[in-house]
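Take a look at the letters that make up each chain.
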Amino acid sequence: MAFGWIDDQAEQRRRAGLVRTLRPRPADSPLLDLASNDYLGLARHPEVAEGAAEAARTWGGGSTGSRLVTGTTELHTELERELAGFCGFEAALVFSSGYAANLAAVTVLGPHGSLIVSDALNHASLIDGCRLARGTTQVVGHADPDAVRKALGTHEGPAVAVSDTVFSVDGDAAPLAAVAEACREHGAGLLVDDAHGLGVLGDGGRGAPYAAGLSGADDVVVTATLSKSLGSQGGVVLGPARVIDHLVNAARTFIFDTGLAPAAAGAALAALRLLRLEPGRAARAREVAAELHARLTAAGLEAVRPDAAVVSVRAPSPEQAVQWAADCRTAGLTVGCFRPPSVPDGISRLRLTARADLSGAEIERAVRVIGETRP
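Residues numbered from 1 in each chain as written. Predicted model: local features only at pLDDT ≥ 70, side-chain atom pairs only at ≥ 80, totals over all residues. Heavy atoms only, no water.

### Remarks on the overall build of the protein
Scanning the protein from terminus to terminus reveals 14 helices and twelve strands. Computed over C-alpha atoms, the radius of gyration of the protein comes to 21 Å, within 12% of the 21 Å expected from 2.2 N^0.38 for 375 residues, which places it in the range of a compact globule. Principal axes of the C-alpha set define a box for the protein whose edges measure 55 × 55 × 50 Å. Going through the 375 residues of the protein one by one, you find that 52% of them count as buried. In the protein, once contacts between residues fewer than 6 apart in sequence are set aside, the share between residues at least 24 apart is 72%. Carbon and sulfur atoms provide 52% of the accessible area of the protein, an area that totals close to 16,500 Å². Considering the protein, the positive charge centre built from 35 side chains and the negative charge centre built from 43 side chains are found 4 Å apart. (Helix = DSSP H or I, 4+ residues; strand = E, 2+ residues; numbered from the N terminus. Rg over C-alpha atoms; globule rule 2.2 N^0.38 Å. Buried < 20%, exposed > 50% of the residue type's maximum accessible area, 1.4 Å probe, protein only. Contact = heavy atoms within 4.5 Å. Areas by Shrake-Rupley, 256 points an atom, 1.4 Å probe, with all protein chains shown as cover. Lys, Arg positive; Asp, Glu negative; His and termini not counted. Charge placed at Lys NZ, Arg CZ, Asp CG, Glu CD.)

This is the structure in structure tokens:
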């Protein structure tokens, strides 16, 4: 029977407690949300929603084509210019998603004959970029600059180290300055995904590379998503103008993909301008994360100290993690649930988002629910 093997895999997932399901949410959910990536609470901000609506009224529902044909509007270039200026880079290029941006950056900067040094806990989009790239990938220990240095020392020729700035599972930050130093010792480039750093780390939310003093460097390229702190959708690559020009000419997920919808570009631009006007949102997200961690650990839970806005709470098993998240939902709280294959070390977790717009009462309520429903 065609696709008969799918049934076997479905049964294996069921037995392992790894079945995933879609849960459509209503526009006005009564649940307290600690599962989304809306770190700054901007996704439903009136100015961000109006930015999306105005862009749709002006440009229509879609971009109408690839960026190199009809898919680049004046709005796209305005967004790229402001993102580059805000983050401290020479140029920027917007993609239809952060995933597409990562695939583009890794494949283009890891050509045949090159070495890609990849952190063991990188996001799936970076891993898939390594798989698609024509260069050779060497996976090294997590957040280990010496391992990066050692790997680079084995290769003569073009090389790039690839890492998240803030890792999405435990919320720990990469030692960017030390990794950059290791790269420079060997003349290698550094490519980092700032999906969880933009809007949260750095002066006014300018990102982890900015905080590490790497913005604008000619050997550093940064990717980010517009779907987390900026409350919209899409991705961006930031870096030297010559790198961005190369992406325009060589990145398949740019050349052959439909451009980002104008509404998403308009929302992201409105959110970016709000962040400029209200830089305290970044600090508030970090404060909420620290408070969540302190309260959870005080309640006897095993929570990982956050470096940005991700707070991870360990669960005994995949099945218990799923049940824990479900019990939280029943009690009025939405939390993320990470389990294999999302968690490479096999330790399942609840993943909490520390949003800047959470009140003290909401933080207290979330901690109480998590504590009362623990396995």
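### Examining the pattern of salt bridges
Opposite charge on two side chains permits pairing when their charged atoms draw close. For the structure on display, the rule yields 20 salt bridges. One salt bridge connects Arg149 with Asp146, and the closest N-O pair in it is separated by 2.6 Å. In this pair, Arg149 and Asp146 both sit in helix H6 (residues 145-152), three residues apart, roughly one turn of the helix. On the accessibility criterion, Asp146 (53% relative accessible area) is exposed. (Salt bridge = Lys/Arg side-chain N within 4 Å of Asp/Glu carboxyl O.)

### Some remarks on helix H14 (residues 360-372)
The terminal C-alpha atoms of H14 lie 18 Å apart, and with 13 residues this matches the ideal 18 Å at 1.5 Å per residue to within 8%. Next to the buried residues of H14 lie strand E1 (32-34), helix H12 (280-298), helix H13 (318-330), strand E11 (333-338) and strand E12 (349-353). (Expected span 1.5 Å × (residues − 1).)

### Digging into the side chain of Ser168
Structurally, the position occupied by Ser168 is in the loop between strand E5 (159-164) and helix H7 (176-185). For Ser168, the residues in contact, after removing those within four places along its chain, are His123, His196, Val310, Phe338 and Arg351.

### Concerning the sheet that holds strand E3 (residues 115-119)
Strand order in the open sheet formed by seven strands is E2-E8-E7-E6-E5-E3-E4, and the pairing between neighbours is mixed. What marks the edges here is a single partner per strand, and that holds for strand E2 (91-95) and strand E4 (136-140). Averaged over neighbouring strand pairs, the angle between their axes works out to 20° when direction is ignored. Alignment of E3 against E4, held across five bridges, turns out to be parallel. By the bridge assignment, Val117 is partnered in E4 with Gln138. Where helix H4 (residues 98-109) meets the sheet, it contacts E2, E3, E5, strand E6 (189-193), strand E7 (220-225) and strand E8 (235-239), and its direction lies at approximately 160° from that of E7. Each of E3, E4 and E5 touches H6; the most contacted strand, E3, lies at about 165° to it. (Pairing = 2+ DSSP bridges. Axes fitted to C-alpha atoms, helices over the stretch in contact; angles between N-to-C directions.)

### Description of the domain arrangement of the protein
Interfaces are often described in size by the accessible area the parts lose on coming together. If you check the domain split of the protein, you get domain 1 (26-44 + 279-373) and domain 2 (46-277). Between the C-alpha centres of domain 1 and domain 2 there is a distance of 25 Å. Across the interface of domain 1 and domain 2, roughly 2,000 Å² is buried in total on both sides, 62% from carbon and sulfur atoms. Its largest share of buried area at the contact with domain 2, domain 1 owes to Leu42, Pro279 and Asp307, together 26% of the area lost on that side. At the boundary of domain 1 with domain 2, the tally comes to two salt bridges. (Domains from an automatic or database assignment. Buried area = accessible area lost by both parts, 1.4 Å probe.)

### A few points about the side chain of Thr223
With respect to the helices, strands and loops of the structure, Thr223 is situated in strand E7. At 3.5 Å, the side chain of Thr223 and the side chain of Asp193 are in polar contact. In this view, Thr223 contacts Ala101, Asn102, Ala105, Leu191, Val192, Asp193, Asp194, Ala195, Val236 and Val237; residues no more than four positions away in its chain are not counted. (Polar contact = N/O pair within 3.5 Å; in protein donor to acceptor, adjacent residues only side chain to side chain.)

### Considerations on the packing of aromatic side chains
Counted under the stated rule, the structure contains one aromatic pair. When the centroid spacing of 5.6 Å and the interplanar angle of 65° are considered together, the rings of Phe95 and Phe254 count as edge-to-face. Of this pair, Phe95 sits in strand E2 while Phe254 sits in helix H10 (residues 252-255), and the two are 159 residues apart along the sequence. The class for Phe95 is buried, based on a relative accessible area of 2%. The class for Phe254 is buried, based on a relative accessible area of 3%. Above the ring of Tyr210, the side-chain terminus of Arg206 is found at 5.9 Å from the ring centroid. (Phe/Tyr/Trp six-rings, centres within 6.5 Å; stacked < 30°, edge-to-face > 60°. Lys NZ or Arg CZ within 6 Å of the ring centre and 35° of its normal.)

### Overview of the environment of Ser29
Residue position: Ser29 is located in the loop between helix H1 (5-16) and E1. Of the residues examined, Ser29 reaches a relative accessible area of 35% and is grouped as partly exposed. Distance in space between the C-alpha atoms of Ser29 and Asn249 is 44 Å, their sequence separation being 220 residues. Polar side-chain contacts of Ser29 include one of 3.2 Å to the backbone nitrogen of Leu31.

### Quick look at unusual backbone geometry
In this structure, Phe3 is a non-glycine residue whose phi angle is positive, near 60°. A positive phi angle is found at Thr64, which is not glycine, with a value near 75°. Here Thr64 shows up in the loop between helix H2 (46-59) and helix H3 (74-87).

### Examining the nonpolar core
Formed by 89 residues in total, the largest nonpolar core has its most connected members in Leu34, Leu83, Leu190, Leu226, Leu296 and Leu333. If you tally residues by element for this core, the top one is helix H11 (residues 262-277), at nine residues. Residues lining this core come from more than one domain, with at least three contributed by each of domain 1 (26-44 + 279-373) and domain 2 (46-277). Ignoring sequence-local partners within four residues, the contact set of Leu296 consists of Leu301, Ala303, Val311, Val313, Leu352, Val367 and Ile370. One finds Ala91, Ala100, Val162 and Phe254 within the second-largest nonpolar core, a separate group that totals 23 residues. (Core = buried A, V, L, I, M, F, W, Y, C linked by side-chain atoms within 4.5 Å.)

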